[in-house]
Amino acid sequence: MRIRTLSTLMAIAVLTGATGLLKAQTTKPAKETTTRPSVDEIVEKTNYVSYYQGKTGKADVNMTIVDARKNKRSREFTIIRWDEPHPKAKKLSDKEIEKLPEKEQKEIEQHTGEQKFYVFFHRPADVDNWAFLVWKHMGKDDDRWLYMPQLDNLKRISAADKRTSFVGSHFLYEDVSGRNIDLDKHELVDETKDYYILKNTPKNKKYVDFAYYKMWIHKDSFVVVQTSYYDDQGKEYRRYNALGVKNIQGHPTVVKSRMTDLRDKSYTVMQYSDVKYDVPLKEEIFSERYLRRPPMQYLK
Amino acid sequence: MMNKLRTTICLNVVIVSMLTAISHAQQGPALPPGLGGDDGGTDGPTLPAGLNGDEPGGPSLPEGLGDDEEPLPEREEDEKVLPDWLDLTGFWEVRGGVRTQADRHQKDASVGETRLQLKWMKAWKKMSFRVTGDFLYDPVLDHHSVDLQSGQGWFNLREANVSFTPLDWLDIRLGRQILTWGTGDLIFINDLFPKDWISFFIGRDVEYLKAPSDAIKLSAFSDFANVDVVYVPQFDGDRYVRGRRISYWSNTLGRRAGRDAVIDGDEPNEPFRDDEFHLRIFRNLEGLELAAYGYWGYWKSPGGLNPVTGEATFPRLNVYGASARKQIHGGIGNVEFGYYDSKHDRSGEDPFINNDQIRFLVGYERDLPEVAHDLRIGMQYYLEWMQDYEQYKDALPTTAKSADEFRHVLTFRISKQYLSQNLTLSMFAFYSPSDSDAYLRPKVSYKIDDHWSVEFGGNVFFGAHPHTFFTQFARNSNVYAALRYGF
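(A) Structural detail: the overall build of chain A. When its secondary structure is counted, chain A shows seven helices and 13 strands. Across the 300 residues in chain A, those meeting the buried criterion constitute 56%.

What follows is the structure, given as structure tokens:
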């Protein structure tokens, strides 16, 4: 065969293949006849799945912090969470809620409002039995307390800095308790077979270290699979990845995740075990009484 | 011709690779195990074929982090030194310090000891036990026989108590325990629990500022208000400066004194007769913490002098006070006051017993993310106002140095963390404009790893007049270092 013909045939083959690949990306899958949710709906649903599933939650957390020189440190703690119920549900029992129309029931279940977190540390040795309490508020600063048993000291802590490291890891306080969705402008910049891709730009640049961040949100479950943070030059410098997801009591739960500092390749891996939802926790547990007397039935 | 073919093939390969890369990037990150395509039944989505979640390599790495990346670390189990069933934790520490100037009444070493602390804790839903003990070898003090009350000797029992909840609204803790309340930062107005000032001044860990109480604490909780009552059957005084390792100003001698004139204290020690009551009524009103306090007992550090024997005395004292603490503009603001009712000298005419006092505190502490992460500053203003001042001055012997009616103290705290919060630089300063003296506590601490940590610091006292509260310790200024292994 002549060389020119061979080249032409190869070129055609490549281009056909390439076009096929491109088509596969841009053709919408056949099942997508349902309307795509609005950006606001995606953001709310994602926020709900990340931080609000179940009325209460409990998890044992193990963090492995790996620095740029590959030295490892670990943090072990138990975290319990209580969500403030929807105003409609406050005076109603569970049975009464079940009798409401489905739309109202869903509204109550998916309510995202104030929360309370109690973190009880096990390791390392210098923070053993320390207890940390956060009352997460909407529209005003969180309230935080730290209890150190060896001094019987209940210290109240300023919540001015939400974007500082949580216990020396790559996860920030805001990553652990949730960033208020009203702080950013949200845009749906792309969509693939599996993901909604959002670009989020902060409304107030003063208190954040990123210019914008992108989230890859799994369409079926609304689990965030990756978050990339970009600096003023548009370079990605920090990345979150969900590494393992389990269905626990009907809730898709990230049980293993990683936060990486791309500048020096240091990272923290966070692993959740013994995750439980709708634990019978009362709001009063998130108070001074239980900082001084840890509720061991939830914290072992 | 062959060259032309080669070029064409290379070009095609490049185009295909680029297109593949573009298509991958548009696909987004690989789905983690648990989201791999199928919606799954009640057990949840099955892991993709070929991927077993228990493999040490972990799930496949997302695109963009490269092939040279190491596999994810195994769940890092902090190597436990002791088996879990022992329920024992603790630390071993070596600490040494020297005075920065000579004091002829003291040794050069301010602290030099090795300590092993063991903590045993066992907790169930409604009951728990806690025992904490220190084994101490302290050649500087050179007093090895054990005295559980004063905490001296080779064994120091810090905690030995049982906690239980007999009723839903009532918590009880009985035994030896550390107790703290009040809103001040190293300033105590309504916290009349015993303090170990010696440990504080010589550079031991700040944990040792609080000495244990042998007491029963009852805490009752309700929607309206909560109440703490602490009954101490036998007076637990401060571990105050006597001169054995820190020199002090002696009004009687008119100079600084130390080991040559160790203070003899006549502590009330009759069980059930020389007892103390502490009370706190408190409530958290949506973030505003309010409290009222009461104390019926004795001055904790010497509050008087027996003119005949020269012994330090601890006259009766009642304290009534209140406090409030709230978050303001991202920081924590607090205010507290207390009325010190020196029962045996209400008129102020007895020169050998402290007068009544009013104590007041206002403070503010805040993180400063506007400047840097992990930066915190705090400031306080503290006032001691002696009551019946005229009577005090009239009764004072002419040779004695008089105290001011108003003693003002400002405190300043700054701390900054570096290296992922493993390195902490901090400074706490007391400054009294009325006494013209100051006390600085600089410190550098570094966590080498999850077990080892090291600390360097100082206690620096200086001022214009040798008899004022901080300046009297000027010759005790010291620097110290400590190495600790926690387990």
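Right, picking up where we left off after that structure.
(B) Looking closely at the overall build of chain B. Secondary structure summary: chain B contains three helices and 23 strands in total. Counting all 487 residues of chain B, 47% fall into the buried class. For chain B, the share of sequence-separated contacts (at least 6 apart) that also reach a separation of at least 24 residues comes to 56%. For chain B, the accessible surface area stands at approximately 23400 Å², while carbon and sulfur atoms represent 60% of it.

(C) Summary view of the sheet that holds strand E10 (residues 265-266) of chain B. Residue and element names in this part refer to chain B. Ordered in space as E10-E14-E13, the three strands form an open sheet in which the pairing is mixed. Looking at which strands have only one partner, the edges of the open sheet turn out to be E10 and strand E13 (304-305). Taken together, the two bridges between E10 and strand E14 (residues 312-313) define a ladder with parallel strand orientation. From the neighbouring strand, Gly265 faces E14, where its bridge partner is Ala312.

(D) Looking closely at the side chain of Ser221 of chain A. As for its position among the elements, Ser221 of chain A is in the loop between strand E9 (212-218) and strand E10 (224-230). Look at Ser221 of chain A and you get buried, because its relative accessible area is 11%. Within the local environment of Ser221 of chain A, its side chain forms a polar contact with the side chain of His218 of chain A, the two groups lying 2.8 Å apart. In this structure, Ser221 of chain A is in contact with Val49 and Pro252 of chain A together with Leu35 of chain B, ignoring residues within four places of it in sequence.

(E) A look at the packing of aromatic side chains. Residue and element names in this part refer to chain B. Under the definition given, this model contains 46 aromatic pairs over all chains. Where Trp197 meets Phe200, the ring centres are 6.1 Å apart and the plane angle is 75°; that geometry is what we call edge-to-face. With Trp197 and Phe200 both in helix H2 (residues 197-202) and three residues apart, this pair spans about one turn of that helix. Classification of Trp197 by relative accessible area gives partly exposed; the value is 21%. With a relative accessible area of 4%, Phe200 lands in the buried category. A centroid spacing of 5.8 Å and a plane angle of 40° characterise the contact between Tyr439 and Phe470, whose relative ring orientation is tilted. Residue Tyr439 is located in strand E21 (residues 437-447), and its partner Phe470 is located in the loop between strand E22 (452-463) and strand E23 (478-486); the two are separated by 31 residues in the primary sequence. You can call Tyr439 buried: its relative accessible area is 0%. For Phe470, a relative accessible area of 3% translates into the label buried.

(F) Quick look at helix H2 (residues 39-51) of chain A. All names here are of chain A. Here H2 is 13 residues long and its end C-alpha atoms lie 18 Å apart, about the 18 Å a rise of 1.5 Å per residue gives. Among all positions in H2, only Ile42, Val43, Thr46, Asn47, Tyr48 and Val49 are buried. Contact partners of the buried residues in H2: helix H4 (102-109), strand E7 (184-191), strand E8 (195-202), E9, E10 and strand E12 (251-261).

(G) Spotlight on the environment of Thr56 of chain A. Residues and elements named next belong to chain A. Position of Thr56 relative to the elements: it lies in strand E1 (residues 56-66). According to the relative accessible area criterion, Thr56 is buried, its value standing at 5%. Separated by 106 residues in the primary sequence, Thr56 and Lys162 have C-alpha atoms spaced 23 Å apart.

(H) Representation of the pairing of strand E6 (residues 153-157) of chain A within the structure. Where strand E5 (residues 143-148) of chain A meets E6 of chain A, five bridges bridge the pair, whose relative direction is antiparallel. Its bridge partner being in E6 of chain A, Arg144 of chain A is matched across the sheet by Ile157 of chain A.

(I) Molecular detail of a negative patch on the surface. Residue and element names in this part refer to chain A. On the surface, a cluster of negative charge is made up of Asp40, Glu41, Glu44 and Asp182. Of note, Asp182 is situated in the loop between helix H5 (173-177) and E7. Relative accessible area serves as the criterion here: at 54%, Asp182 is assigned to the exposed category.

(J) Representation of a nonpolar patch on the surface in the model. A cluster of nonpolar side chains, Trp92, Val94, Ile448, Trp452 and Leu483 of chain B, forms an exposed patch at the surface whose accessible area comes to about 380 Å². Note that Trp452 of chain B resides in strand E22.

(K) Structural view of the environment of Leu209 of chain B. Residues and elements named next belong to chain B. Note that Leu209 resides in the loop between H2 and strand E6 (213-220). Classification of Leu209 as buried rests on a relative accessible area of 3%. Each C-alpha atom of the pair Leu209 and Gln177 lies 14 Å from the other, and the pair is 32 residues apart in sequence.

(L) Representation of the confidence of the model for chain A in the model. Residues and elements named next belong to chain A. Overall, the prediction assigns chain A a mean pLDDT of 89, with 89% of residues at 70 or greater. Mean pLDDT per element in chain A: helix H1 (residues 3-26) is the minimum at 58, and E1 is the maximum at 97. Low confidence marks residues 24-33, where pLDDT is under 50. Its contacts with residues over four positions away, or in another chain, come to five contacts.

(M) Inspection of the nonpolar core at higher detail. By size, the foremost hydrophobic cluster in this structure holds 54 residues, and its most contacted members are Met63, Phe77, Phe121, Phe132, Phe166 and Ile217 of chain A. Once you skip the residues sitting within four places of it in the chain, Phe132 of chain A turns out to touch Phe117, Tyr118, Val119, Phe121, Arg144, Trp145, Leu146, Phe166, Tyr173 and Leu291 of chain A.

(N) View of empty space enclosed by the protein. In the structure shown here, the tally under the stated rule is six cavities of 30 Å³ or more. What the largest cavity holds in volume is close to 1000 Å³. Looking at the largest cavity, it is lined by 49 residues, and the ones nearest its centre are Ser50, Tyr51, Asp175, Val176 and Tyr272 of chain A. Of the voids in this model, the second largest cavity is the one considered here, and its volume is about 520 Å³. Taken together, 35 residues line the second largest cavity, and the ones lying closest to its centre are Arg292, Arg293 and Pro294 of chain A together with Ser163 and Arg173 of chain B.

Rules behind the numbers
Residues numbered from 1 in each chain as written. Chains lettered and ligands numbered in written order. Predicted model: local features only at pLDDT ≥ 70, side-chain atom pairs only at ≥ 80, totals over all residues. Heavy atoms only, no water. Helix = DSSP H or I, 4+ residues; strand = E, 2+ residues; numbered from the N terminus. Buried < 20%, exposed > 50% of the residue type's maximum accessible area, 1.4 Å probe, protein only. Contact = heavy atoms within 4.5 Å. Areas by Shrake-Rupley, 256 points an atom, 1.4 Å probe, with all protein chains shown as cover. Pairing = 2+ DSSP bridges. Polar contact = N/O pair within 3.5 Å; in protein donor to acceptor, adjacent residues only side chain to side chain. Phe/Tyr/Trp six-rings, centres within 6.5 Å; stacked < 30°, edge-to-face > 60°. Expected span 1.5 Å × (residues − 1). Patch = residues over 30% accessible without salt bridge, like charges linked within 9 Å, V, L, I, M, F, W, Y side chains within 5 Å. Salt bridge = Lys/Arg side-chain N within 4 Å of Asp/Glu carboxyl O. Lys, Arg positive; Asp, Glu negative; His and termini not counted. Charge placed at Lys NZ, Arg CZ, Asp CG, Glu CD. pLDDT = per-residue confidence, 0-100. Core = buried A, V, L, I, M, F, W, Y, C linked by side-chain atoms within 4.5 Å. 1 Å grid on protein atoms, 1.4 Å probe; cavity = no way out; pocket = protein on both sides within 12 Å on 5 of 7 lines; lining within 4 Å. Points joined across faces, edges and corners; volume = space filled by probe spheres on them.

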